[in-house]
Amino acid sequence: MPLTLTRAPALALALLLASPVAQAQTPGCDVCAIWNADQAPFRIFGNTYYVGVKGLSSVLVTSPQGHVLIDGGLPESAPKIIANIATLGFRIEDVKLILNSHGHIDHAGGLAELQRRSDALVAASPSAALDLASGEVGPDDPQYHALPKYPPVKDMRLARDGGQFNVGPVNLTAHATPGHTPGGLSWTWQSCDGPRCLNMVYADSLNAVSRPGFKFSASSEYPNAVADLRHSFETLEKLPCDVLISAHPEASQLWERLEASTTAGSEAFVDPQACRAYAAAARTVLESRLEQEKQQ
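Keep in mind that this is a model prediction, so the values were computed, not measured. (Residues numbered from 1 in each chain as written. Predicted model: local features only at pLDDT ≥ 70, side-chain atom pairs only at ≥ 80, totals over all residues. Heavy atoms only, no water.)

Peer 1: Sorry, what's going on with the overall build of the protein chain here?
Peer 2: A count of helices and strands for the protein chain gives ten helices and twelve strands. Taking 2.2 N^0.38 as the reference for a compact globule, 296 residues should give roughly 19 Å; the C-alpha atoms of the protein chain span a radius of gyration of 18 Å, in line with that estimate. In terms of principal-axis extent, the alpha carbons of the protein chain reach across some 55 × 45 × 35 Å. Looking at the 296 residues of the protein chain, the share that counts as buried comes to 57%. Partitioning the intrachain contacts of the protein chain with sequence separation of at least 6 by distance along the chain shows that 69% fall at a separation of at least 24. In the form shown here, the protein chain has an accessible surface area of approximately 11,900 Å², with 55% of it arising from carbon and sulfur atoms. Each charge class in the protein chain can be summarised by its mean position, and for the 22 positive and 30 negative side chains these summaries are 2 Å apart. (Helix = DSSP H or I, 4+ residues; strand = E, 2+ residues; numbered from the N terminus. Rg over C-alpha atoms; globule rule 2.2 N^0.38 Å. Buried < 20%, exposed > 50% of the residue type's maximum accessible area, 1.4 Å probe, protein only. Contact = heavy atoms within 4.5 Å. Areas by Shrake-Rupley, 256 points an atom, 1.4 Å probe, with all protein chains shown as cover. Lys, Arg positive; Asp, Glu negative; His and termini not counted. Charge placed at Lys NZ, Arg CZ, Asp CG, Glu CD.)

See below:
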């Protein structure tokens, strides 16, 4: 039976990320050192492995024909991701495709170095590709000018809603989940362990967090922000979802599940309700944010 954990930690983290403290983060990025703490890699299920740092997810999906990497953390995360891949017995040179969730430094900052080391193609949404090419987000992003710049990515392929990407037998599908950024993408695929195959979801951030002064309810730069977030909640709720990994691992209770896996094995990561709970927590944050904006 799936191991279901309490939803309180995910909701608490979502509320923290939407707080004024988080909104006020400056290019100094005080939280980056915490995010970039060392994390030993581990197998989640089948051919899917966690290779990211403590506070920023990066996922490796392997095959005999080459591997797929999802997200690259911060610029300083890249060497740790490469080392984690090697610890598992794989090689960065065998990564053929790198997929991105969105163009913020904490998920795209390491992509240029990871691409350089692997010679892999990077795939991102049209909006995120503009961010990656310039190394910073555009004016329609709620966190415009609130994030540091990062090394730009040069060779990219555009990923649109429903687009599929293959490396050998590995097939991943892009799902547009905008709102946190205009170009947010979540990714789905199947991983198998013997005859058992599960639906895997890498969920992009859905938090209504922004630079100071930005209003989700009244933005001329991003007028569809609220509608995009609500659409993204519905998208995540409808996805076949046995195992959820979120762009920030705490938001999908990954560390609680990892601890539980010492006795429950890979079953600890299985929760068919996880995507719905993730979307519900983000919806609560958005509604709280909109109520705050009414008072401003």
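Peer 1: Please explain the pattern of salt bridges as it appears in this structure.
Peer 2: When their charged atoms lie close together, side chains carrying opposite charge are able to pair. Under the defined criterion, the tally for this structure stands at twelve salt bridges. The partner of Lys 80 in a salt bridge is Asp 38, and the shortest N-O contact between them spans 2.7 Å. Placement of Lys 80 in helix 4 (residues 78–87) and of Asp 38 in the loop between helix 3 (32–35) and strand 1 (42–45) is noted, with a sequence separation of 42 residues between them. A relative accessible area of 61% places Asp 38 in the exposed class. (Salt bridge = Lys/Arg side-chain N within 4 Å of Asp/Glu carboxyl O.)

Peer 1: Help me understand the side chain of Thr 62, please; the structure alone is not making it clear to me.
Peer 2: Within the secondary structure layout, Thr 62 lies in the loop between strand 3 (59–61) and strand 4 (67–70). By relative accessible area, Thr 62 is classed as buried at 9%. Not counting chain neighbours up to four residues away, the residues in contact with Thr 62 comprise Asn 47, Tyr 49, His 67, Phe 90 and Val 170.

Peer 1: Looking at this model, I keep getting lost on unusual backbone geometry. Mind explaining?
Peer 2: Among all residues except glycine, the phi angle is most often negative; among peptide bonds, the trans geometry is most common. If you check the backbone angles, Asp 71 has positive phi at about 70 degrees while not being a glycine. Relative to the assigned elements, Asp 71 resides in the loop between strand 4 and helix 4. Its relative accessible area of 0% is what places Asp 71 among the buried residues. Unlike most non-glycine residues, Asp 119 shows phi in positive territory, near 60 degrees. Tracing the backbone through its elements, the reader meets Asp 119 in the loop between helix 6 (111–118) and strand 6 (121–124). Residue classification places Asp 119 among the exposed residues on the basis of a relative accessible area of 71%.

Peer 1: So what exactly am I meant to see when it comes to the sheet that holds strand 3 here?
Peer 2: In sheet architecture, strand pairing relies on hydrogen bonds along the backbone and comes in two forms, parallel and antiparallel. Within the open sheet, the seven strands sit side by side as 1-2-3-4-5-6-7. Their pairing is mixed. Two strands lie at the open edges of the sheet, namely strand 1 and strand 7 (156–158), each paired on one side alone. Geometrically, the sheet is characterised by an average inter-axis angle of 25 degrees between neighbouring strands, direction not taken into account. Where strand 4 meets strand 5 (residues 95–99), four bridges bridge the pair, whose relative direction is parallel. The residue bridging His 67 from the neighbouring strand is Val 95, located in strand 5. Lying on the sheet, helix 6 is in contact with strand 4, strand 5 and strand 6; it crosses strand 5 at an angle near 165 degrees. (Pairing = 2+ DSSP bridges. Axes fitted to C-alpha atoms, helices over the stretch in contact; angles between N-to-C directions.)

Peer 1: Explain the packing of helix 4 against helix 6 to me, please; I cannot follow it from the model alone.
Peer 2: Packed helices, taken two at a time, are described by the angle their axes make and the gap between the axes. Taken N-terminus to C-terminus, the directions of helix 4 and helix 6 make an angle of 45 degrees; their axes are 9 Å apart at the nearest point. On the basis of the axis angle, helix 4 is oblique to helix 6. Along its contact with helix 4, which presents Ala 78, Ile 81 and Ile 82, the element helix 6 presents Glu 113, Leu 114 and Arg 117. Residue classes in the contact of helix 4 with helix 6 are distributed as four nonpolar, no polar and two charged. (Parallel < 35°, antiparallel > 145°, perpendicular 65-115°, else oblique. Nonpolar A, V, L, I, M, F, W, Y, C, P; charged D, E, K, R; others polar.)

Peer 1: Help me understand the packing of helix 8 (residues 225–238) against helix 10 (residues 274–294) in this model?
Peer 2: Two elements in contact, helix 8 and helix 10, have axes whose closest approach is 8 Å; the angle formed by their N-to-C orientations is 160 degrees. On the basis of the axis angle, helix 8 is roughly antiparallel to helix 10. Considering how the two elements wind past one another, helix 8 and helix 10 form a crossing that is left-handed. Along its contact with helix 8, which presents Val 226, Leu 229, Arg 230, Phe 233, Glu 234, Leu 236 and Glu 237, the element helix 10 presents Cys 275, Arg 276, Ala 279, Ala 282, Arg 283, Leu 286, Glu 287 and Leu 290. For the contact of helix 8 with helix 10, the residue count by class is nine nonpolar, no polar and six charged. (Left-handed = near helix turned anticlockwise from the far one by under 90°.)

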